[in-house]
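Chain and residue survey
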Amino acid sequence: SAVISQKPSRDICQRGTSLTIQCQVDSQVTMMFWYRQQPGQSLTLIATANQGSEATYESGFVIDKFPISRPNLTFSTLTVSNMSPEDSSIYLCSVDGQSDTQYFGPGTRLTVL
Amino acid sequence: RKEVEQDPGPFNVPEGATVAFNCTYSNSASQSFFWYRQDCRKEPKLLMSVYSSGNEDGRFTAQLNRASQYISLLIRDSKLSDSATYLCVVNVHVYGNNRLAFGKGNQVVVIP
């Protein structure tokens, strides 16, 4: 499976600010995914990022709030814009593996004050 | 109806005992099924895929019932290190998009 790293691993931010989370993979992958996991909840897909095209957002998530970049086959960023305390969550990137599996990065734990 | 439903528990299991739990899924077109393990404050990690005929990996056995749309996981001879949250994961095809849907997880606590 791919080795995935995320930066930062955690952050505490003030409301109204923005945070960009980076996801780096050690091999080229077609699809990268961004998820949110709120306390005690399941993972919720925010968007799918393909290299060279616009990200595809799930219902309830919009590009203005969660802009995503995918400049190449090993890297992606997710920005959480104009943050509020409701954005406090763990943000995880993942990549596709064989037969519909996905492998996850270690996550970014975000607290918004 | 939620795409994947699990009873969150916790499931308190004596060390050495057997524990089993199910999840149900709503999309009858789903073709791929998985159990992921998530330790506290860690990312989910693939435990095993679930095949139509059922499959076993050491002390772990997974079963799929397509007619009733549920998946099960059984852990035999529980170890303290099995304490974790087990996520039921199903692929969902919606309007040509293929993505994974996650349950809330079954929290397992193995007690000495």
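What this report covers is the structure whose coordinates are included nearby.

**As for the sheet that holds strand S7 (residues 68-72) of chain A**
Residues and elements named next belong to chain A.
- Spatially, S1-S3-S8-S7 is the arrangement adopted by the 4 strands of the open sheet, whose pairing is antiparallel. Because the sheet does not close on itself, it has two edges, and the strands there are strand S1 (4-7) and S7. Adjacent strand axes in the sheet meet at a mean angle of 15 degrees when their direction is disregarded.
- Sheet topology places strand S3 (residues 19-25) next to strand S8 (residues 75-80); 6 bridges connect them, and they run antiparallel.

**Observations regarding the pattern of salt bridges**
- Counted under the stated rule, the structure contains 7 salt bridges over all chains.
- Here B:Lys79 ties to B:Asp77 by a salt bridge, and the two come within 2.9 Å at their closest N and O atoms.
- By relative accessible area, which is 35% here, B:Asp77 ends up partly exposed.
- In the salt-bridge network here, residues are joined through shared partners; they are A:Glu58, B:Glu3 and B:Arg99.

**Some remarks on the state of the cysteines**
- Applying the stated rule across the entire model yields 2 disulfides over all chains.
- B:Cys40 takes part in no disulfide bond, and the closest cysteine sulfur, belonging to A:Cys93, lies 20 Å away.
- The exposure class of B:Cys40 is exposed, given its relative accessible area of 67%.

**Details of the interface of chain B and chain A**
- Opposite the 17 residues of chain B that make contact, chain A presents 19 residues.
- Seen at the junction of chain B and chain A, the total is 1 salt bridge.
- In this structure, the salt-bridge partner of A:Glu58 is B:Arg99, at a minimum N-O distance of 3.3 Å.
- At the junction of chain B and chain A, the tally comes to 5 residue pairs in polar contact (both at pLDDT 80 or more).
- The element that contributes the greatest number of residues to the side of chain B that touches chain A is strand S10 (residues 97-102) of chain B, accounting for 4 residues.
- Across the side of chain B that touches chain A, the residue classes break down as 7 nonpolar, 6 polar and 4 charged.

**Some thoughts on the sheet that holds strand S6 (residues 55-57) of chain B**
All names here are of chain B.
- Read across the sheet, 5 strands follow the order S1-S3-S8-S7-S6 without closing on themselves; strand pairing throughout is antiparallel. Edge positions in the sheet fall to strand S1 (4-6) and S6, since each of these pairs with one other strand and no more. Averaged over all pairs of adjacent strands, the angle between strand axes in this sheet comes to 20 degrees, irrespective of strand direction.
- With 3 bridges connecting them, S1 and strand S3 (residues 19-25) associate as antiparallel partners. Bridge assignment links Gln-6 to a residue of S3, and that residue is Cys-23.

Reading guide: rules and limits
Residues numbered from 1 in each chain as written. Chains lettered and ligands numbered in written order. Predicted model: local features only at pLDDT ≥ 70, side-chain atom pairs only at ≥ 80, totals over all residues. Heavy atoms only, no water. Pairing = 2+ DSSP bridges. Helix = DSSP H or I, 4+ residues; strand = E, 2+ residues; numbered from the N terminus. Axes fitted to C-alpha atoms, helices over the stretch in contact; angles between N-to-C directions. Salt bridge = Lys/Arg side-chain N within 4 Å of Asp/Glu carboxyl O. Buried < 20%, exposed > 50% of the residue type's maximum accessible area, 1.4 Å probe, protein only. Disulfide = S-S within 2.5 Å. Contact = heavy atoms within 4.5 Å. Polar contact = N/O pair within 3.5 Å; in protein donor to acceptor, adjacent residues only side chain to side chain. Nonpolar A, V, L, I, M, F, W, Y, C, P; charged D, E, K, R; others polar.

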